[in-house]
Amino acid sequence: MGKFQSTKIFDNYSIAIRQWRAQHSHCQLLHGYALEFKVWFEPVDKSENDGLDDMNWVVDFGGFKDQPVGNGLKA
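Residues numbered from 1 in each chain as written. Predicted model: local features only at pLDDT ≥ 70, side-chain atom pairs only at ≥ 80, totals over all residues. Heavy atoms only, no water.

Trainee: What should I look at first to understand the side chain of Ser6 in this one?
Mentor: Here Ser6 lies in strand E1 (residues 6-17). The class for Ser6 is buried, based on a relative accessible area of 17%. Discounting chain neighbours no more than four positions away, the residues touching Ser6 are Val39, Trp40, Phe41, Val58 and Phe61. (Helix = DSSP H or I, 4+ residues; strand = E, 2+ residues; numbered from the N terminus. Buried < 20%, exposed > 50% of the residue type's maximum accessible area, 1.4 Å probe, protein only. Contact = heavy atoms within 4.5 Å.)

Here is the structure:
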């Protein structure tokens, strides 16, 4: 059977950084970026149901919600 994979794009994460040793560029000043990143999920244990859960999902993205409903990953 083929490989099961699911992806999720997280966006609108703002960060502020300062690289104080970068005397040659604007990076020495406090500045920020808006980040977007993509995460790939694959089942690890494929012994039962090819690693999918009882709904045939690789991962339930609803579980990323704030605790106590989810695991808090979204926060």
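Trainee: Sorry if this is basic, but what is going on with the packing of aromatic side chains here?
Mentor: How two aromatic rings sit relative to each other is given by the distance of their centres and the angle of their planes. One pass over the full model with this rule turns up three aromatic pairs. Ring centres of Phe10 and Tyr13 lie 6.5 Å apart, and the angle between their planes is 65°; this geometry places the pair in the edge-to-face category. Taking the relative accessible area as the measure of exposure, Tyr13 reaches 27% and is therefore partly exposed. Summarising the aromatic geometry, the rings of Tyr13 and Phe37 are spaced 5.7 Å apart at their centres and angled 45° between planes, so their arrangement reads as tilted. Placement of Tyr13 in strand E1 and of Phe37 in strand E2 (residues 31-41) is noted, with a sequence separation of 24 residues between them. Judged by its relative accessible area of 38%, Phe37 falls in the partly exposed class. Through pairs of rings, three or more aromatic residues link up here, namely Phe10, Tyr13 and Phe37. Of note, Lys8 hangs over the ring of Phe10, and the distance from its end group to the ring centre comes to 5.9 Å. (Phe/Tyr/Trp six-rings, centres within 6.5 Å; stacked < 30°, edge-to-face > 60°. Lys NZ or Arg CZ within 6 Å of the ring centre and 35° of its normal.)

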